[in-house]
Amino acid sequence: MSEPVAPHDHVLVHCPKCDARATIQARSGPVRLTCAACGYTKEWPHQYRLTRSSALAVYNSGNTILEARLWLETHCCGGHRLWALNERHLNYLRAFVRSTDRCREFPSPPGDRQLADKFPAWMVEAKHRDEVLRALDRLHATL
């Protein structure tokens with residue numbers, strides 16, 4: 001399975017101006033936030049790189065990315081933050097949580113930890129599966 005968020009991918013966020021769904025793109029050139037609803041755009045210098053690790057680090061710390069709140073975010077399992085960066089990341093999470101044979105369906109080659117190896121314990125425990133899937137389905141409905 002491919003990585004859910006590759007470098008130079010996009011992140012879905014709330015528009016800082018109108019709160020509609022906006023996109024942060026970083027495929028080439030400067031990183032740019034654009035909102036189709038209100039036309040708001042903002043660019044950051046070319047030296048700012050939006051990579052999977054930088055986006056994950058920002059959201060794991062509970063902060064915004066480029067002054068915008070993440071679109072795909074909710075609380076789950078006693079107040080834990082459950083979030084995804086974009087639809088591909090959300091689909092990966094849903095597939096992983098649904099899986100009953102993760103070693104076979106989401107293998108990690110020796111020395112190459114996959115994203116799934118970094119999920120918090122509360123998210124991957126069988127006792128939370130139904131609650132996490134309901135939360136992920138709520139997020140998917142916002143797309």
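Calculation criteria
- Residues numbered from 1 in each chain as written.
- Predicted model: local features only at pLDDT ≥ 70, side-chain atom pairs only at ≥ 80, totals over all residues.
- Heavy atoms only, no water.
- Pairing = 2+ DSSP bridges.
- Helix = DSSP H or I, 4+ residues; strand = E, 2+ residues; numbered from the N terminus.
- Axes fitted to C-alpha atoms, helices over the stretch in contact; angles between N-to-C directions.
- Phe/Tyr/Trp six-rings, centres within 6.5 Å; stacked < 30°, edge-to-face > 60°.
- Buried < 20%, exposed > 50% of the residue type's maximum accessible area, 1.4 Å probe, protein only.

What about the sheet that holds strand E4 (residues 41-44)?
Then step 1. Across the sheet, which stays open at both edges, the 4 strands sit in the order E1-E2-E3-E4 with antiparallel pairing between neighbours. Because the sheet does not close on itself, it has two edges, and the strands there are strand E1 (10-14) and E4. With direction set aside, neighbouring strand axes in the sheet form an average angle of 20°.
Then step 2. Two elements, strand E2 (residues 21-25) and strand E3 (residues 31-34), share 3 bridges in a ladder whose sense is antiparallel. Each residue of the ladder has a partner; that of glutamine 25, found in E3, is arginine 32.

Digging into the packing of aromatic side chains
Then step 1. Tallying each qualifying case throughout the model produces 2 aromatic pairs.
Then step 2. With centroids separated by 6.3 Å and ring planes inclined at 65°, the aromatic side chains of tyrosine 92 and phenylalanine 119 adopt a geometry described as edge-to-face. Placement of the pair is tyrosine 92 in helix H2 (residues 87-98) and phenylalanine 119 in the loop between helix H3 (102-105) and helix H4 (121-124), with a sequence separation of 27 residues.
Then step 3. Of the residues examined, tyrosine 92 reaches a relative accessible area of 7% and is grouped as buried.
Then step 4. Residue classification places phenylalanine 119 among the buried positions, given a relative accessible area of 13%.
Then step 5. Between phenylalanine 96 and phenylalanine 119 the ring centres are 5.2 Å apart and the planes differ by 70°, which places this aromatic pair in the edge-to-face class. Pair noted here: phenylalanine 96 is in helix H2 and phenylalanine 119 is in the loop between H3 and H4, with a separation of 23 residues, a long-range link. The burial state of phenylalanine 96 is the same as that of phenylalanine 119; both residues are buried.
Then step 6. Here a set of aromatic residues connected by ring pairs shows up, and it is made of Tyr92, Phe96 and Phe119.

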